[in-house]
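Read off the chains here:
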Amino acid sequence: MRTAVSTTSGAGGPDEPVLRLEGVHKVYGTDETRHVALDGVTVDFHAARLTALVGHSGSGKSTLLNVSGGLEQVTSGTIILAGHVLTAMGPAELTRTRASLVSYVFQEYNLIRTMTVLENVCLPLELSGMARAEARRRAATALERTGVPRHTRKFPDQLSGGEQQRVAIARAIADQRPLVLADEPTGALDSANGERVVELLREVAAGGVACVVATHNPEVTAAADHIVRIQDGRVVEGGA
Ligand SMILES: Nc1ncnc2c1ncn2[C@@H]1O[C@H](COP(=O)(O)OP(=O)(O)OP(=O)(O)O)[C@@H](O)[C@H]1O
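Note that the structure is a prediction, hence the values are computed from the model and not measured.

A. Layout of the overall build of the protein. When its secondary structure is counted, the protein shows seven helices and ten strands. Here the C-alpha atoms of the protein give a radius of gyration of 17 Å, agreeing with the 18 Å that 2.2 N^0.38 yields for 240 residues. When the backbone C-alpha atoms are referred to their principal axes, the protein occupies close to 50 × 40 × 35 Å. Of all intrachain contacts in the protein linking residues separated by at least 6 positions in sequence, the fraction that spans at least 24 positions is 70%.

B. Looking closely at the pairing of strand β9 (residues 226–231). Pairing analysis gives four bridges linking strand β3 (residues 49–54) to β9, with the strands arranged parallel. Across the sheet, L53 pairs through a bridge with V228, a residue of β9. As judged from the three bridges shared by β9 and strand β10 (residues 234–237), these two strands associate in the antiparallel manner. Residue I230 lies in a different strand from β10, and its bridge partner there is V235. Linking β9 to β10, which pair antiparallel, is a turn of two residues; within it D232 sits at a positive phi near 50°.

C. The site of the ligand, seen in detail. Lining the immediate surroundings of the ligand are 13 residues, of which Y28, S57, K61, S62 and T63 lie closest. Breaking the shell around the ligand down by element, the ones donating at least two residues are β2 (35–45) and α1 (61–68). The dominant element in the shell around the ligand, judged by the number of residues it contributes, is α1, at three residues. Looking at the shell around the ligand residue by residue, the classes come out as three nonpolar, nine polar and one charged.

D. Main features of the environment of G83. Relative to the elements of secondary structure, G83 occurs in the loop between β4 (76–81) and β5 (84–85). Sequence separation of G83 and E16 is 67 residues, and the distance between their C-alpha atoms is 8.4 Å.

E. View of the nonpolar core. Core analysis: the biggest nonpolar cluster contains 68 residues, and V121, L201, C211 and V213 have the highest contact counts within it. If you tally residues by element for this core, the top one is helix α5 (residues 161–174), at seven residues. The contacts of V213, once residues within four sequence positions are left out, are L50, T51, A52, L53, A182, P185, L201 and V220.

F. A look at the environment of S191. Looking at the element boundaries, S191 is found in helix α6 (residues 191–206). Given 10 C-beta atoms within a 10 Å radius, S191 is considered exposed. With 26 residues separating them along the chain, S191 and N217 place their C-alpha atoms 9.7 Å apart.

G. Representation of the pairing of β2. For strand β1 (residues 19–28) and β2, the ladder comprises eight bridges, and the chain directions are antiparallel. The residue bridging R20 from the neighbouring strand is D44, located in β2.

H. Looking closely at the sheet that holds β5. Within the open sheet, the four strands sit side by side as β2-β1-β4-β5. Their pairing is antiparallel. Single-partner strands in this sheet number two, and they are β2 and β5.

I. Structural context of the sheet that holds strand β8 (residues 210–214). A sheet is described by the order of its strands in space; here six strands give the open sequence β6-β7-β8-β3-β9-β10, paired in mixed fashion. Every other strand in the sheet has two partners, leaving β6 (102–106) and β10 as the edge strands with one partner each. For this sheet the average axis-to-axis angle between neighbouring strands, irrespective of direction, equals 25°. Across five bridges, the pairing between β3 and β8 is parallel. Across the sheet, residue L50 finds its bridge partner in β8, namely C211.

How each quantity is defined
- Residues numbered from 1 in each chain as written.
- Predicted model: local features only at pLDDT ≥ 70, side-chain atom pairs only at ≥ 80, totals over all residues.
- Helix = DSSP H or I, 4+ residues; strand = E, 2+ residues; numbered from the N terminus.
- Rg over C-alpha atoms; globule rule 2.2 N^0.38 Å.
- Contact = placed C-beta atoms within 7 Å.
- Pairing = 2+ DSSP bridges.
- Near = placed C-beta within 6 Å.
- Nonpolar A, V, L, I, M, F, W, Y, C, P; charged D, E, K, R; others polar.
- Core = buried A, V, L, I, M, F, W, Y, C linked by C-beta atoms within 7 Å.
- Buried ≥ 20, exposed ≤ 12 C-beta atoms within 10 Å, placed from the backbone.
- Axes fitted to C-alpha atoms, helices over the stretch in contact; angles between N-to-C directions.

So this is what it looks like as structure tokens:
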């Protein structure tokens with residue numbers, strides 16, 4: 001069950017984006033170390049869409065994902081996630097909201113090496129309060145969907161990079177959250193495994209999820225339903 005949050009925007013109709021950024025600025029450092037990573041970003045991300053977030057190295061893609069998922073605070077501006085105003089929340093409410101609405105996939109997979117594949121996928125489900133049996137059932141279904149059901153008892157180090165990334169995607173989709181944020185998910189993979197991951201992300205989006213992928217990979221961009229291009233912290237294509 002989703003955790004109720006009180007900081008709502010009053011939005012959330014069927015045509016509303018899952019994620020909306022309005023005039024978002026993110027400034028790192030001060031004085032001579034000051035760097036404007038996001039410079040007034042306004043952009044929408046919709047359900048059932050695979051969006052490729054593209055731009056040169058240092059343009060602000062990871063920063064955009066991090067503030068969108070509540071991993072980092074904005075300097076100014078508004079972020080609305082499924083009708084909840086993230087930027088108006090205190091830390092506890094933000095953590096609860098994030099845990100119920102957002103999943104992440106990273107280039108480095110971020111699996112826990114001392115836990116089996118099944119345990120890795122179960123972990124966020126159990127942390128959100130799901131009973132162990134139900135968590136195992138959902139995790140097994142997710143691993144089936146991502147094509148790694150035979151490896152449930154193995155540890156991450158016993159899998160190839162491509163398999164580990166598919167486990168990470170299984171973990172991201174097991175809880176059926178409405179927003180998946182992926183940061184260079186094919187960056188460490190060869191092209192065959194990269195293609196497999198792109199296909200999976202397309203399937204995830206087709207299942208109704210707003211899937212946002214920061215990428216330098218032209219195959220991800222070619223497979224995307226929508227492209228958002230960012231340059232020097234500004235959206236120059238695909239913005240709201
Ligand atoms: N914690 C931080 N402190 C200071 N500057 C930062 C920090 N994180 C990012 N930056 C700077 O903000 C800018 C945007 O970084 P970001 O990681 O969002 O770029 P990116 O588009 O994801 O790059 P890449 O494609 O290389 O991953 C960069 O110039 C970076 O150096």
